[in-house]
Every structure is written in C-alpha cells, then in structure tokens.
Amino acid sequence: MGSSHSSRSLSLTPTHSTKHFYFSPSKLYPNQNQIRNLINFKSHPFLCSSSSSQVLPLKCSKAGEFDTQAKSLRTMADVHGIDRELLQEMVYDALVWSSLHGLVVGDKSVKRSGEVPGVGLSHSPIALLPGLFPGTHWNQACELSSIFNELVDRVSMDGKFLQESLSRTKKGDAFTSRLLDIHSKMLQIGKKEEIRLGLHRSDYMLDDKTKLLLQVELNTISCSFPGLSCLVSELHRALLGEYGKVLGLDYRNVPENYAANHFADVLAKAWIEYNDPSAVILFVVQAEERNMYDQHWLSVNLRKRHNVKTLRKTLAEIDREGVLRSDGKLIVDGQAIAVVYFRAGYTPRDYPSESEWRARLLMEQSSAVKCPSISYHLVGTKKIQQELARPNVLERFLDSEDDIAKIRKCFAGLWSLDDQDIVNKAIETPELFVMKPQREGGGNNIYGDDVREALLRLQKEGSEEDGAYILMQRIFPSVSPTIFVRDGICHKDHAVSELGIFGAYLRNKDKVIVNEQSGYLMRTKVSSSNEGGVAAGFAVLDSIYLT
C-alpha cells in the first residue's frame, strides 16, 4: 500500500480525540471449558481502560443481549456506533482467534522476533470488521487479473522495450541501474527462461469522485500477505458468523480467500515443470523478517499439500553457499534448487554489499525457475507502468481490443517528468499528484507541498535524477469509519482502503499452464496517512464486505 493516495492529514497513532481501548484478560489461566468457549467465540471478562484512565470491570455478555442495537446498525457505515460492551467482546474474540490461528507477526520491540520463529509474537494489525466494497468493482478487479498476468509475461519478453524505457531511469537511479545491468548480461548471453513463473498483485483504489476502479501499482516481486490475508478473511467470516445477526451483516458477503493455497499450488506446479524430484524451492528472505509467518504459510502448504521441501536463505547466505554447476543447475547449501521465490531483493536495503548482487546474478544465470526473473522484476517498475499507459503501447503486447480497453479503463493518469506541461501543473497544484520513485514497499512516495519542492529542486539542479521518478494522478478514495486493532489496542478512526488482487501465471515455452486470479489482500489505513504498507507500519490487514 506504499502508493496509497488518500487526502487527509490525521495519524494512525491514537490521540486524545481517538477512542481507544486496552485489553487484558482478567483470568490468565482458563480451564478446558473456558478454552472451548473461547474457540467458540464466547467472551470472558476483561478490563477496558479508556483515554480517561477510568478502569471498569465488564460483565460477560452474550451477543443476543444487544438485539436493540441491531435495529439501528444495519451497515458497516455505522461501525462506530457499536455498543461499547459488544465492541469489547468482539475485539477480545478477534485477539483470541488471531492467536489460535496464526494471524501473527513478529513484535518489533523484541530483538530476535525477526530471526527466531516463535519469539516475540504479536497479533497482526487488523481492522475488526471488513470494509464495504462494491461487487461490480470486485468482479472487475478479478477479471483484470489474468489480463495483467499475460501482459507482464509479454512485456518481459521484449528486452529492447525494457532497456529503452528504463534508460533515463538508469541514469538517475542507481538501484534500477544495477537491475538493468543484470538484465543486459542475460540478453548478451542469450539466456532464455523457458519456464516463467509470476506471482503478482495488482493494487487498486476506488476513486470517490469518478467511481472508477483505478490501479495504484502492479507488483511483480515479493507480493506479501498471501498467507495472512486468508486468515483475516476467515477471522471476519467467523466474527460475522457469531455477531452477524446483531450487526445486521451476513458473513457470506465476505469472499473466501485461498491465496496461500493457490500460491503454494502454483509454486509446486513450477517445481514439477522443472522435473527434478530431489530439488527444493528456495525462499530468498531478509535477514530480519518479522513477517516470516506469512511466508511460512506457503512453506507449510508446499510440504503438506505437495510434499515439496523449501529452503530459506538470505542473499548473503546464497553468495556464500551457492554454486552454479556447468549444466546450469543452482546448488545452495548442498541442495539443488528448482524454484527461486523472492521475498527479498526488491529494495536497495537488501543489497548492502557486492555479496548480495553476486547472489542475484548467480541465481539469474542458473536454470532454476525464478519468481520473478529479472525481466519480470523490471516490468513491475513504476516507469514501465507509466510507459504502458502511453497511447498505442498496450497494442504492442496485447491482441485483444477488449482486453486493452479493460486495462485502460483502470489506468490512473501517469506521466514522465519529461512532460513539462504536467510538471508545471504539478508545481501549481501539487495536491492533485503523487511523485513516485522506483521503489517497492511503503514510505517512498512524495505528496502535497513536497511534490512542488522536489520538482523545483530537480529543475534547479538539472541532473538526471528526474528520470528516477514518475508523476501519477492522486486518487481520492471514499472515507469510511473503521475500528483498528493494533498491539491489543482498539481505536476508532476514519479510513481508506486499497484492494490487491493476487494473480498467478506459469508458462513452459508456448504452453500456458496457469493464468488465474489467486485471492486478494485488503489493506486499510487512517484517511490522513499518505503512505501505506502493513509491514511498514502504516496500514492494517482487512477483508472486504461485498455490496
């Protein structure tokens, strides 16, 4: 959600005007009957403290006792009006469910939480209830998935287009330059990826003014949360299964989410296509990864559903332990590698030394299936997104006029900084634009008056750095009341959401084996926050309630 475009200026951090509650169970050692009741969503007494610091003991209450409120709460638009005691029950049940079902992340306050599994666990930051989303736009986003999957593959095969489109970016962005160097080396040696695997995520926002579903960005590397997003959908369906009648909501309006299973299934199919039963799937990970459990869900599914083993290594470890055999096979820590699945390598922070770059090149030179290959990675850059939005460019890669029209309909305005008229307009009205660098993850984009300052600075310096950025139309999504739960603290605020549609694509030579929509990710943040990203600390995990 690093490309979110909301327009307000509040903070996710609770303030004196934000209603928030701190939860702690009053019985630390429940008996077996109590545990059974917890699993079945029967809440237990706990203490709730508000910002006034008054501590009130709460009695155990059944959801049925709130029938009077059910008459007034009929849609998610009234979630801030939920009775206080009912709200506390729901939050308590949500925290229990998250703990029991693995909806967890590493606690950043615990030093080893990103290194050792099971150390310093915390529930994932979540929205207590799913967010409203129109069914027509949901269907549109799902339909686009297979088209974008095919588009990524076709663009990746046009090495000349990638190199030329990113030539100015290369001069202004050192990270993209290094990626292009690897890509260029693969072109020079005639390296062909016969088996091509993509696990993508296309992110959208619903523009409040035009009511159009607009694409924020297309991610082709390290698309996070296929594991945890499934659990959030399950959590919301379970909560509405228990409290739905009281809230006037139907759990069946929350779409089921099978992203973790789908991604694992497609990784396994790529492993089969590689045709080496002794080989394993390599997860390329960061040294400290507090989101490791999202990744472990894929590993567990690969082993449980397909009996495929996985190996987790950092780029530095791959450099130390990796060997490229004369037949092109990649060996890491003595294991033959069939598939390389990147959950790192998308940011300059992942390459602190030449060791990491050597590892990336080593893997790219190998015969292992890369997810993504260097060409797929480059297709996901902001500059390529902007180039594809130019007139007549999609026609270079897609044959169907209908598919082209569907993609163009979801494109927001995208411009190069070569367009002086647009640059001038952005300087005059910076609030209508977002300035994007070639970076993944939250916290990178430039908004508001900072857009004007950055553009004026680039004009004054007259350097090649402007090639590292694009300008994008700012999307103004609708704002909805939301209940956030982070670190066991519940608070109410107004929020905007971003829908990510997972897509999977697998091709062996001319045969397309998989091209499908593979689940979804909903991320929600306070309406004031420009940036997004759950791992970056800006957003929470959510699901959707179809309207």
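All figures in this text were calculated on a predicted structure; none of them were measured in a lab. (Residues numbered from 1 in each chain as written. Predicted model: local features only at pLDDT ≥ 70, side-chain atom pairs only at ≥ 80, totals over all residues. Heavy atoms only, no water.)

S.K.: Could you clarify how one ought to interpret the overall build of the chain in this entry?
M.R.: Scanning the chain from terminus to terminus reveals 17 helices and 23 strands. Residue burial in the chain is summarised as follows: out of 547 residues, 59% are buried. Look at the contacts in the chain between residues 6 or more apart in sequence, and 76% of them connect residues 24 or more apart. Carbon and sulfur atoms provide 49% of the accessible area of the chain, an area that totals close to 22600 Å². (Helix = DSSP H or I, 4+ residues; strand = E, 2+ residues; numbered from the N terminus. Buried < 20%, exposed > 50% of the residue type's maximum accessible area, 1.4 Å probe, protein only. Contact = heavy atoms within 4.5 Å. Areas by Shrake-Rupley, 256 points an atom, 1.4 Å probe, with all protein chains shown as cover.)

S.K.: Would you mind going over helix H7 (residues 174-188) with me for this structure?
M.R.: Since the α-helix packs 3.6 residues into each turn, any two residues three or four apart lie on the same face. A rise of 1.5 Å per residue sets the reference length of H7, with its 15 residues, at 21 Å; its end C-alpha atoms lie 21 Å apart and thus fit the reference within 8%. Within H7, burial applies to Phe175, Thr176, Ser177, Leu179, Leu180, Ile182, His183 and Met186. In the core, the buried residues of H7 are packed alongside helix H5 (159-165), helix H6 (167-172), helix H12 (354-365) and helix H13 (374-379). The backbone nitrogen of Phe175 lies 3.2 Å from a side-chain oxygen of the residue at the head of H7, namely Asp173. Just downstream of H7 lies Gly190, where phi reads positive at about 70°. (Expected span 1.5 Å × (residues − 1). Polar contact = N/O pair within 3.5 Å; in protein donor to acceptor, adjacent residues only side chain to side chain.)

S.K.: Looking at this model, I keep getting lost on the side chain of Thr381. Mind explaining?
M.R.: Relative to the helices and strands, Thr381 resides in the loop between H13 and helix H14 (382-388). Look at Thr381 and you get buried, because its relative accessible area is 9%. In this structure, Thr381 is in contact with Leu166 and Gln438, ignoring residues within four places of it in sequence.

S.K.: Even after reading the chapter, I still don't get the packing of aromatic side chains, so can you show me in this structure?
M.R.: Geometrically, a pair of aromatic rings is defined through the distance of the ring centres and the angle of the planes. This structure, assessed with the given rule, holds eight aromatic pairs. Residues Trp138 and Tyr520 carry aromatic rings whose centres are separated by 5.1 Å and whose planes lie at 80° to one another, so their mutual orientation is edge-to-face. In this pair, Trp138 sits in helix H4 (residues 135-156) while Tyr520 sits in strand S21 (residues 511-526), placing the two residues 382 residues apart along the sequence. A relative accessible area of 10% places Trp138 in the buried class. Put simply, the rings of Phe175, Tyr351 and Trp357 pair up and form one aromatic cluster. A cation sits over an aromatic face here: Arg360 above Phe342, 4.6 Å from the ring centre. (Phe/Tyr/Trp six-rings, centres within 6.5 Å; stacked < 30°, edge-to-face > 60°. Lys NZ or Arg CZ within 6 Å of the ring centre and 35° of its normal.)

S.K.: Can you help me understand the pattern of salt bridges in this one?
M.R.: Between side chains of opposite charge, a pair can form when the charged atoms approach closely. Considering all chains together, one arrives at 32 salt bridges under this definition. Here Asp153 ties to Arg196 by a salt bridge, and the two come within 2.7 Å at their closest N and O atoms. You can see Asp153 sitting in helix H4 and its partner Arg196 sitting in strand S8 (residues 195-206), a full 43 residues away along the chain. On the basis of relative accessible area, Asp153 is assigned to the buried category, the value being 2%. (Salt bridge = Lys/Arg side-chain N within 4 Å of Asp/Glu carboxyl O.)

S.K.: Would you explain the pairing of strand S14 (residues 335-342) in this entry?
M.R.: Two faces make up the sheet, and in a regular strand the side chains alternate between them. Along S14, seven of the eight residues are buried, which leaves the element largely enclosed by surrounding structure. Pairing between strand S10 (residues 280-284) and S14: five bridges, direction parallel. Opposite Ile281, over in S14, you have Val339 as the bridge partner. Note that strand S13 (residues 330-332) and S14 share three bridges and pair antiparallel. (Pairing = 2+ DSSP bridges.)

S.K.: Please clarify how the sheet that holds strand S18 (residues 469-473) should be interpreted in this entry.
M.R.: Strands belonging to one sheet form pairs held by backbone hydrogen bonds; the direction of such a pair is parallel or antiparallel. Pairing is antiparallel across the open sheet formed by three strands, whose spatial order is S16-S18-S17. This sheet does not close on itself; its edge strands, each paired only once, are strand S16 (414-416) and strand S17 (433-437). If you compare each strand with its neighbour and ignore which way they point, the axes differ by 30° on average. As paired elements, S16 and S18 share three bridges and run antiparallel to each other. (Axes fitted to C-alpha atoms, helices over the stretch in contact; angles between N-to-C directions.)

S.K.: Got a minute to help me understand unusual backbone geometry in this structure?
M.R.: Working note: non-glycine residues mostly have negative phi, and peptide bonds are mostly trans. At the junction of Cys371 and Pro372, the peptide bond is cis and its omega measures out at 10° in the coordinates. Within the element layout of this structure, Pro372 appears in the loop between strand S15 (369-371) and H13. With phi around 50°, Ser222 is a residue other than glycine that occupies positive phi space. For Ser222, the position within the fold is in the loop between strand S9 (213-219) and helix H8 (226-247). Notably, Asn392 is not glycine yet its phi reads approximately 70°, a positive angle. Judged by relative accessible area, Asn392 falls into the exposed class, the value being 59%.

S.K.: Where do I start with the packing of H8 against helix H9 (residues 259-274) in this structure?
M.R.: Packed helices, taken two at a time, are described by their axes: the angle between them and the distance between them. Close contact between H8 and H9 brings their axes to 7 Å; oriented N to C, the two are set at 150°. When the axes of H8 and H9 are compared, the pair comes out roughly antiparallel. Here Pro226, Gly227, Ser229 and Cys230 of H8 come into contact with H9, specifically with Ala259, Ala260 and Phe263. Within the contact of H8 with H9, the residues separate by chemical class into five nonpolar, two polar and no charged. (Parallel < 35°, antiparallel > 145°, perpendicular 65-115°, else oblique. Nonpolar A, V, L, I, M, F, W, Y, C, P; charged D, E, K, R; others polar.)

S.K.: I keep staring at the pairing of S9 and nothing clicks. Help me out?
M.R.: Summarising burial for S9: seven of the seven residues are buried, a large majority. Where S8 and S9 come together, six bridges link them in antiparallel fashion. Among the inter-strand pairings, Met205 is bridged to a residue of S9, identified as Leu214. What sits between the antiparallel neighbours S8 and S9 is a turn of six residues, in which Lys211 has the positive phi angle 60°.

S.K.: How should I be thinking about the nonpolar core in this particular structure?
M.R.: Side chains that are nonpolar tend, in soluble globular proteins, to be buried together. Counting residues in hydrophobic clusters, the biggest one holds 128 residues, and the most contacted among them are Leu128 and Leu197. Counting residues per element, this core draws most heavily on H8, which supplies eleven residues. Setting aside residues no more than four positions away along its own chain, Leu197 makes contact with Val266, Leu267, Ala270, Val339, Val369, Lys370, Cys371, Pro372, Tyr376, Tyr505 and Leu506. Core analysis: the second largest hydrophobic core is formed by 15 residues, Val423, Phe433, Met435 and Leu455 among them. (Core = buried A, V, L, I, M, F, W, Y, C linked by side-chain atoms within 4.5 Å.)

S.K.: Which parts of the structure should I look at to understand H12?
M.R.: Spanning twelve residues, H12 covers 17 Å between terminal C-alpha atoms, matching the ideal 16 Å at 1.5 Å per step. Counting buried positions along H12 gives nine out of twelve residues, so the element sits mostly inside the fold. Taken together, the buried positions of H12 are occupied by Ser355, Glu356, Trp357, Ala359, Arg360, Leu361, Leu362, Met363 and Glu364.

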